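Chains, contacts and geometry: an overview
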Amino acid sequence: MLVKEKQMNNVLGSISANLIKLFDNIMEVEAHTIRNEQYMKHQGVTLSMTEVHTIAAIGVAELKSMSELAAQLSITVGTLPVAINNLVKKGFVERYKTERDRRVVKVALTKEGKKIYSLHEKFHNDIVFALIKGLSESEMDVVAKALDNLDSFVEKRFENGEIK
């Protein structure tokens, strides 16, 4: 029984180390991918990953209100204008006031913002396809279940107020 327990501890340790390494590497490669894209090089524009994720949250479908966007990013509405101002200055986002209530500000991506959105989406799709490459349908189900379990764990930490 001791050998089996030791093997399990080795497997769990390996999974833990791989998750940490993977998370760090994904964040670094994602930033590198966006930063080194030809579009960014030619424009002389730099974006932080926070700005890239703000662009991703705005999306391409429709105008988003500042409150919708803040909720999606899990930040306060008061902290969002600084990020939006920077993205407007850099030419990735446009602001619109609604006709019904001029106090309501909505945002949308410019053509350049949509390019960054597409780059970001492609990167995420590439990660998913790399993860499932060569897996059978039942193995993909196991991966999906494992990711659901991990997501539930993280969500519970937020819900319990452990992370703010």
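Starting afresh in each chain, residues are numbered from 1 along the sequence in its written order. A pLDDT threshold of at least 70 governs which residues receive local features in this predicted model, and a stricter bar of 80 or more applies before side-chain atom pairs are shown or counted, although totals over entire chains, interfaces and linings include all residues. As a rule here, side-chain values come from all non-hydrogen atoms in the structure, and water together with hydrogens is ignored.

Another point: unusual backbone geometry. We note that Ser-74 has phi near 60 degrees; this positive angle belongs to a residue other than glycine. With respect to the secondary-structure elements, Ser-74 resides in the loop between helix H4 (66-73) and helix H5 (80-89). What counts as a helix is a DSSP run of H or I of at least four residues, what counts as a strand is a run of E of at least two, and both are numbered from the N terminus.

Attention shifts here to the pattern of salt bridges. Definition used for salt bridges: Asp or Glu carboxyl oxygen within 4 Å of a side-chain nitrogen of Lys or Arg. Enumeration according to the criterion identifies two salt bridges in this entry. The salt bridge involving Lys-90 is made with Glu-51; its shortest N-O contact spans 3.0 Å. Of this pair, Lys-90 sits in the loop between H5 and strand E2 (93-97) while Glu-51 sits in helix H3 (residues 49-58), and the two are 39 residues apart along the sequence. For Lys-90, a relative accessible area of 31% corresponds to the partly exposed category. Each residue is placed in one exposure class: buried if its accessible area under a 1.4 Å probe, protein chains only, is under 20% of its type's maximum, exposed if it is over 50%, and partly exposed if it falls in between. Note on Glu-51: relative accessible area 10%, which makes it buried. Measuring nitrogen to oxygen at the nearest pair gives 2.8 Å for the salt bridge that ties Asp-126 to Lys-122. You can see Asp-126 and its partner Lys-122 sitting in helix H6 (residues 111-132), four residues apart, about one turn around the helix.

Turning next to the environment of Glu-68. Turning to its location among the elements, Glu-68 is positioned in helix H4. The class for Glu-68 is partly exposed, based on a relative accessible area of 39%. For the pair formed by Glu-68 and Leu-135, sequence separation is 67 residues and the distance between their alpha carbons is 37 Å. There is a polar contact of 2.7 Å between the side chain of Glu-68 and the backbone nitrogen of Ser-65. Throughout this description, a polar contact denotes any pair of N or O atoms lying within 3.5 Å of each other; where both atoms belong to protein, one of them has to be capable of donating a hydrogen while the other can accept it, and for residues adjacent in sequence the pair is counted only when both atoms sit in side chains.

A separate point is the nonpolar core. Each nonpolar core is a collection of buried residues, namely Ala, Val, Leu, Ile, Met, Phe, Trp, Tyr and Cys, held together in the definition by side-chain atoms within 4.5 Å. In terms of nonpolar packing, the biggest core is built from 22 residues, with Ile-55, Ile-84, Phe-92 and Val-93 touching the most fellow members. A total of five residues in this core trace back to one element, the largest contributor, which is H3.

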